[in-house]
Number of protein chains: 2
Amino acid sequence: MKKFVYAFREGSKEMKPLLGGKGANLAEMTRIGLPVPGGFTITTEACIEYYQQDNKIWNDLKAEMLNKLQELEEEMGKKLGDLADPLLVSVRSGAVISMPGMMDTILNLGLNDETVQGLARFSGNPKFAYDSYRRLIQMFGDVVLEIPKYKFESLLEKKKNEKNVSSDIELATEDFQALVDSYKQVVQKETKKPFPQDTHEQLLMAVEAVFKSWNNPRARIYREHNDIPHDLGTAVTVQVMVFGNMGNDSGTGVAFTRNPSTGENKLYGEFLVNAQGEDVVAGIRTPKDINEMKELLPEAYQQFTEVAQLLEKHYRDMQDIEFTVDRGKLFMLQTRTGKRTAHAAIRAMVDMVEEGLITKEEALLRLNPSDLDQLLHPTFDEQALADAKVLTKGLPASSGAASGKVCFTPEAAVKAKEAGEIVILVRNETSPEDIEGMVASAGILTAKGGMTSHAAVVARGMGKCCVSGAGELNINEQEKYFKNETDTFHEGDFISLDGNTGNVYAGNIATREARLGGYFVTIMEWADAIRTLKVRTNADTPRDSAKAVEFGAEGIGLCRTEHMFFEENRISVMRRMILSRTLEARKKALAELMPMQRQDFVEIFKVMGDRPVTIRLLDPPLHEFLPSEAKDIERLASELEVSIEQLKETVRELAEVNPMLGHRGCRLAVTYPEIYEMQVQAIMEATTILKGEGHAVIPEIMIPLIGEVKELQFVKELVLRVIKRVAEESGQTVPYMIGTMIEIPRAAITADDVARDAEFFSFGTNDLTQMTYGFSRDDAGKFIKEYRDKGILEKDPFQQIDRRGVGELMKTAVKLGKESRPDLKLGICGEHGGDPSSVEFCHMIGLDYVSCSPFRVPIARLAAAQAAIRYPS
Amino acid sequence: MKKFVYAFREGSKEMKPLLGGKGANLAEMTRIGLPVPGGFTITTEACIEYYQQDNKIWNDLKAEMLNKLQELEEEMGKKLGDLADPLLVSVRSGAVISMPGMMDTILNLGLNDETVQGLARFSGNPKFAYDSYRRLIQMFGDVVLEIPKYKFESLLEKKKNEKNVSSDIELATEDFQALVDSYKQVVQKETKKPFPQDTHEQLLMAVEAVFKSWNNPRARIYREHNDIPHDLGTAVTVQVMVFGNMGNDSGTGVAFTRNPSTGENKLYGEFLVNAQGEDVVAGIRTPKDINEMKELLPEAYQQFTEVAQLLEKHYRDMQDIEFTVDRGKLFMLQTRTGKRTAHAAIRAMVDMVEEGLITKEEALLRLNPSDLDQLLHPTFDEQALADAKVLTKGLPASSGAASGKVCFTPEAAVKAKEAGEIVILVRNETSPEDIEGMVASAGILTAKGGMTSHAAVVARGMGKCCVSGAGELNINEQEKYFKNETDTFHEGDFISLDGNTGNVYAGNIATREARLGGYFVTIMEWADAIRTLKVRTNADTPRDSAKAVEFGAEGIGLCRTEHMFFEENRISVMRRMILSRTLEARKKALAELMPMQRQDFVEIFKVMGDRPVTIRLLDPPLHEFLPSEAKDIERLASELEVSIEQLKETVRELAEVNPMLGHRGCRLAVTYPEIYEMQVQAIMEATTILKGEGHAVIPEIMIPLIGEVKELQFVKELVLRVIKRVAEESGQTVPYMIGTMIEIPRAAITADDVARDAEFFSFGTNDLTQMTYGFSRDDAGKFIKEYRDKGILEKDPFQQIDRRGVGELMKTAVKLGKESRPDLKLGICGEHGGDPSSVEFCHMIGLDYVSCSPFRVPIARLAAAQAAIRYPS
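Not measured: the values here are computed from a predicted model.

Student: Got a sec to walk through the state of the cysteines? Specific residues and values, please.
Tutor: Think of a disulfide as a covalent bridge from one cysteine sulfur atom to another cysteine sulfur atom. Residues and elements named next belong to chain B. Tallied over the entire structure, the rule returns zero disulfides over all chains. A disulfide-free cysteine, Cys407 has its sulfur positioned 15 Å from the sulfur of Cys465, the nearest such atom. Cysteine Cys842 is unpaired, with the sulfur of Cys852 as its nearest cysteine sulfur at 11 Å. Residue classification places Cys842 among the buried residues on the basis of a relative accessible area of 0%.

Here's what the structure looks like:
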């Protein structure tokens, strides 16, 4: 029979898929002799089985759990529900990948009206005992019984007001007893049942609540946002309680072995005397720096620093550790890899390689390529910052800078984001329910909570700027305003957050480009040395090209010529071209466009030096260049001196039912060969000019939207004709390549034919995805979200290559293409070129390069290195 | 060295690819001892080589031709250009597949100013000699020198007027001499050169003209229209002249061994005494019935009837024979398979099988399935058609003939129909809102859209005549008129459509109903006995279903449920459903639609008896059911009692950039499961009702637009839920199947996954072609024509399955699908299901059935039989 429950001593860190992160690490710490309170873990397989058993805990599992509990009771010499000296346990969820949004913790389980008396007697601390009991009812009520938290919190607030005290600790035993009574009434009222007195029932209910929390909406949203599969399930860890709130020789803390914000190799964390763990996390009391523990609990501190170092060495990565000191004695409650900013990650990884702790390959694999994004984006312009007014200062919880409009609720944030606003979410504190609002926001500001509060942890994970614990602020979420000492800010007002300093500014502040430091350069050098896939950029202007080269682009993989026609002085010539009734008139307009287009290429070639530049000939349907609103048509008609009727007629004629599948790409060239002729002339003349200046440019002329090799042959013939003419006129020959996009399914299926006439393929995975799925990107947004919510699509295929379908076509094209032309050059220029999973796939199927937007070039370089490590050729 | 010229005695009918039809058959007749004037044929390979040699006749070919000419001269004892007794020859083109549009014939070659005198002397008939010479100049001038024919004809007319005679024969020798002189002046004036006197030069020029005529525009267009490859080339036949115009003991004629119009087994043809062949063909003199030859030239007649019978037996097919009687002696000039109407073909084939001449298989293979279409629809009375005026020509989108009064709106059409008028609906293009108007009309004419436009598809489904894409017309629907270049037609005017040719005529033309005789039934029985592919129909109404059963449909392969919602009493409920703001409101509207939909199925099931019926759940995007014009929106708003603004807002919200790739098919069911729930309930309740009446209906529920198996699983789950509920409510279980369309490329690529949840696949090749090519059917009409003109596409892939691309995906889907589910049922329901080449492909890849519109069912049955003969399994 399958084993579903493991005592800590039966597990190890390798069993993470089964025991979850928390359970596996508690087992590992137990195994290597660290002080861990005893316990056991119910496996992720049990959770999966639970869902298959119609959401019921089946009898065998119940028996196995109670059996393991009995072992624990024997080991501890205490029994759950024992009246004299009751065993108390915590119940925690523990997913394989750490996941806020799920039920986290129930403490003090095992207390009831009778055992609380035993605990009071045995500990000699009745106040502690009743405080613990009311905490149990509150947590159990919230997460197991789903009673709104505020129903308990308001009673606690009321009691504190009544007693005129500001913190819980100041309440007396009777106060806690009274609270226990009123909490129990809340439970009775809300659930129509008394608070469960059977401690075994408490345990089973808690375990079931953890199982259920795996599939609550918050957890699902988080998983979708973080690419975590829905079918992993969560483990449940049951652990003997130790108490940080047993007096001033007790306490609890959270620490990182290195600074999670900067990466500096120095213990970093927070500590509260006489408190339970959730007091730190919830941000109810503002904790002290971990270093202050040295004076308050010197022995425990010394022991802890040694354990922390040992854990980092043992795990060979920066650790995030939770511990409790129970009457002077240190207990380890959790260790896991520490979440960190991209800055911190890079520094820590470089340091660890230099310390000899890990290899370069390990360092590269541990970085999340997408996180590099935060390093590349602007920070506040110092000049602008100098004039800005600091309205308060909080903790620099997650680096970056953001300016935007204030929203006080996640709903408002989502709405404002949809309306195109940049949002700063302002909350007293955040909770897992706020996840969607946080996703929608550019930055997060909280009044409560520290560097390890929910807001801080989640924001860092998302790479979003966050200032937490800005305690001077008075935030009224209901009435939608916040105040500092002098001013009041309302929903919609602009504020700015600096996640590197913790400063919060009034108003909108200009930003400036990121500067990439030495650690970043080191990581990129390592990545470049290992990767085999080249990284190019999609750029249509000299400015973007220069930016991309700065970020390490090795060429242009996609230069979209259509963007060049939208500039003010060109669009009207372009329109004149489109509206031409005769070939002569069209050629005349094209002759005006040619020198401008040639100059575009000259400038881009200059920036790119001798790097390859792939130029895609005109792709969009012509109606994209014409106005559609009546008043714009009228203006254009008078500008071009044609009748409104005639212009309207042309707009109507050019309109298409499905423009995506319409008259565009090479299809335009079949109808109007003179457009591509002009473009090829501009490319070849620019190349000739650059040659004269000593540059060895090799333009790669790319013909879009090929579905049938005869289309390619037709266009290629005209391209070659122009190339020959330019060579004759200039008396110079320059090299070039002619290739095609693979973006139509039929081109992939017939790639052996296509490759006979193409020197290179560039996968246009945007269109290929549209046609393979039959999804219009412009329209599918409406239902793709629904598809993801309902689990029909794991990922948006426009963000990450669908390996099963689109990827299969790509593989077919690579295989057939290489059969016809073994030296076929292969690349990708769709949006996917900057997505790490897609980059990995491109490496796996043997492409030569990926091409992506300039800011994604570093991401692609790292992702390519990771792919090369994972799939060496 | 390759041989490019063959004497008749060196060839045979098997050498048709090399010698062309004409040359091969002359060789064959020579071989079997029939009286054929001597000659030789220059091969098709020579023609192809001519094009590769930069359109020059190279020296070796010239030498080979002159060599063969010399042999001929020796055989005949006459020489080309001989002054005393000159050899005269004809030069004719002879393609492998008979092809009007190319140069046909030059007669009397070898005459010049000197040899004409020799001919006059030797024949003792100077008038004949000069008449022959002027004929040569005229024909040579026309086809070799490209001088407009009328320049010669007008001179001949003038001469006849001058001499006051009505026919050429009445002219005297001097007249012909004078004509020769004036013809020669025309040649000098038009070509700046005299008429060539060198007889070898005449021969070379004529051969080259034949080569050139292979690529003239008329010939290219004809080949495109008839699927003849452009690279076959034409042969050239040079043959000694015989003369039917040597007096009353001479003559010329053309005859079919059977009646080409009815198929009756009786010699049928025409004959002219004292005439050359072109007199018959040109229709200058009205020829006599072949039977009259019996009296006029009894011996020659007797010999000819024997030869005709011999040729039919020898070729085992009905022959079309040209002959000449030269002073009492019969000469065979051509024999070939006789072109015939579909009626005649069917009768002749059945008769020949019964006569023991050919096998059933041969009979079936010789019929062109597409021709059957003309048998099933009304046609114009030929007599009436002769006088009719063609006002424009569009695409022959749906067969048949119709005359009626013009209406410009569906409303007007319905009204006129109710008033007892016969209506032709004239629209720029049609949309689903026009359905009722289309139903009310006898024929449909559109200015836009191709062979697969909405109008074309719907009309074919209804078996109505349709001419689409009549782009020369300017249709103004608002002001209710349309124009061609010269005339304007108003509502109520009579016009006539010929759906077989695309011709549109002014006025009312009498039509003849289709008659399906016993021969047709016999052919269909033979086809059914041989074919292995089943044939179903696409039908959405009991009427169409009944029609299809009459035509031999073995089930319904596609019942499109959306068409059922366009009826007047339903469209407003449908619209109310779409505009519902709440689930309740939507369910309420659906509950109203349910009984109507159930009744649809009950009626169709009754018609279909125990035949399978595949029902596709709702497919089109919802906006197709809403009006788009402002005034229609206003009317609908008041009808549904919603504000105009709200309705406009909804229409805007539902509008899509690329509706083809938008929110439709199963994607609707993910968002609005209740729509499919209603449909499945209607299907299952109807099935239960029929069961109660003793019918064993097995509905095949088809889920459209699947691209990912999880979509199918999602919808299947809801379908099964409803099936279970209906079974519980009725207390009865009925059988059913659940399957899917394969119309998204990704579904084909992942067909192994999809087949695990689908009991059948039906290839939706319309959409599959759209997405595989990236062609929108609604938009591609514009450039597909250009693609075909430029040779980029051989065939419109929406008419004939593209085997290389779309077909490859189909093969993949069949292979993968059968791997997962060996008994997977496979069919096709796209328009291609009625195209013979596509039917053949479906047979080859192992589908179980094809499904097509009712009127194409017989075509598919025959095509399936041909496929089974060609590719026995």
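Student: So, the packing of aromatic side chains: which residues are in play, and what are the values?
Tutor: Summed over all chains, the structure comprises 36 aromatic pairs over all chains. Ring centres 6.0 Å apart and planes at 80 degrees place the aromatic pair Phe380 of chain A and Tyr505 of chain A in the edge-to-face group. In this pair, Phe380 of chain A sits in strand S13 (residues 379-380) while Tyr505 of chain A sits in strand S24 (residues 503-506), placing the two residues 125 residues apart along the sequence. Comparing Phe380 of chain A with Tyr505 of chain A, the two get one shared label, buried. Between Phe566 of chain B and Phe625 of chain B the ring centres are 4.9 Å apart and the planes differ by 15 degrees, which places this aromatic pair in the stacked class. A residue pair is termed long-range when its members are at least 10 positions apart, and Phe566 of chain B in the loop between strand S27 (556-560) and helix H22 (568-579) and Phe625 of chain B in the loop between strand S28 (613-616) and helix H24 (630-640) qualify at 59 residues. Grouping residues by exposure puts Phe566 of chain B and Phe625 of chain B together as buried. Clustering of aromatic rings is evident, with ring pairs tying together Tyr773, Phe775, Phe783 and Tyr787 of chain A. Directly above the ring of Tyr315 of chain A sits Lys13 of chain A, whose terminal nitrogen or CZ lies 5.9 Å from the centroid.

Student: I'd love a proper account of helix H5 (residues 126-143) of chain B, names of residues and values included.
Tutor: In a regular helix each residue adds 1.5 Å, so 18 residues correspond to 26 Å; H5 of chain B covers 26 Å between its end C-alpha atoms and thus fits that length. Within H5 of chain B, 14 of the 18 residues are buried, leaving the element largely enclosed by the surrounding structure.

Student: So what about a negative patch on the surface? Which residues, and what values?
Tutor: A contiguous patch of negative charge on the surface is contributed by Glu411, Glu418, Glu436, Glu567 and Glu568 of chain B. In this fold, Glu411 of chain B is placed in helix H17 (residues 410-418).

Student: If you had to explain the side chain of Arg536 of chain A to someone new, which residues and values would you point to?
Tutor: Within the element layout of this structure, Arg536 of chain A appears in strand S26 (residues 534-538). In this structure the side chain of Arg536 of chain A is engaged in a polar contact, spanning 2.9 Å, whose partner is the side chain of Thr614 of chain A.

Student: Got a sec to walk through the nonpolar core? Specific residues and values, please.
Tutor: Within the largest apolar cluster, 297 residues are counted, with the highest numbers of intra-cluster contacts made by Phe763 of chain A together with Phe763 of chain B. When neighbours within four sequence positions are excluded, Phe763 of chain A is seen to be in contact with Ile742, Leu768, Met810, Ala813, Val814, Leu826, Gly827, Ile828, Cys829, Gly830 and Leu847 of chain A. Counting 85 residues, the second-largest nonpolar core is a separate cluster that includes Val144, Ala412, Leu425 and Ile435 of chain A.

Student: For the interface of chain B and chain A, give the residues involved together with the corresponding values.
Tutor: The partner chain A presents 48 residues to the 47 residues of chain B that form the contact. Broken down residue by residue, the surface that chain B buries against chain A is led by Leu661, Arg746 and Arg804 of chain B, which jointly contribute 15%. If you look at where chain B meets chain A, you find eight salt bridges. Salt-bridge contacts for Glu794 of chain B lead to Lys710 of chain A; the nearest nitrogen and oxygen are separated by 3.7 Å. Looking at the side of chain B that touches chain A, the elements that each hand over two or more residues are helix H25 (644-654), helix H26 (666-671), helix H28 (709-730), helix H29 (745-749), helix H30 (751-756), helix H31 (765-773), helix H32 (777-789) and helix H33 (806-820) of chain B. Considering every element that reaches the side of chain B that touches chain A, the biggest residue donor is H32 of chain B, with six residues. Taken together, the residues of the side of chain B that touches chain A sort by class into 19 nonpolar, ten polar and 18 charged.

Student: So, the packing of helix H34 (residues 836-844) of chain B against helix H35 (residues 857-870) of chain B: which residues are in play, and what are the values?
Tutor: Residue and element names in this part refer to chain B. One can describe the packing of H34 onto H35 by two numbers: an axis separation of 8 Å at closest approach and a directional angle of 50 degrees. Between H34 and H35, the angle falls in the class oblique. Taken as a pair, H34 and H35 cross one another with a handedness that is right-handed. On the side of H34, the interface is formed by Pro836, Val839, Glu840 and His843, while H35 contributes Ile859, Ala860, Ala863, Ala864, Ala867, Ala868 and Arg870. Considered class by class, the residues forming the contact of H34 with H35 number eight nonpolar, one polar and two charged.

Criteria and thresholds
- Residues numbered from 1 in each chain as written.
- Chains lettered and ligands numbered in written order.
- Predicted model: local features only at pLDDT ≥ 70, side-chain atom pairs only at ≥ 80, totals over all residues.
- Heavy atoms only, no water.
- Disulfide = S-S within 2.5 Å.
- Buried < 20%, exposed > 50% of the residue type's maximum accessible area, 1.4 Å probe, protein only.
- Phe/Tyr/Trp six-rings, centres within 6.5 Å; stacked < 30°, edge-to-face > 60°.
- Helix = DSSP H or I, 4+ residues; strand = E, 2+ residues; numbered from the N terminus.
- Lys NZ or Arg CZ within 6 Å of the ring centre and 35° of its normal.
- Expected span 1.5 Å × (residues − 1).
- Patch = residues over 30% accessible without salt bridge, like charges linked within 9 Å, V, L, I, M, F, W, Y side chains within 5 Å.
- Areas by Shrake-Rupley, 256 points an atom, 1.4 Å probe, with all protein chains shown as cover.
- Salt bridge = Lys/Arg side-chain N within 4 Å of Asp/Glu carboxyl O.
- Lys, Arg positive; Asp, Glu negative; His and termini not counted.
- Charge placed at Lys NZ, Arg CZ, Asp CG, Glu CD.
- Polar contact = N/O pair within 3.5 Å; in protein donor to acceptor, adjacent residues only side chain to side chain.
- Core = buried A, V, L, I, M, F, W, Y, C linked by side-chain atoms within 4.5 Å.
- Contact = heavy atoms within 4.5 Å.
- Buried area = accessible area lost by both parts, 1.4 Å probe.
- Nonpolar A, V, L, I, M, F, W, Y, C, P; charged D, E, K, R; others polar.
- Axes fitted to C-alpha atoms, helices over the stretch in contact; angles between N-to-C directions.
- Parallel < 35°, antiparallel > 145°, perpendicular 65-115°, else oblique.
- Left-handed = near helix turned anticlockwise from the far one by under 90°.

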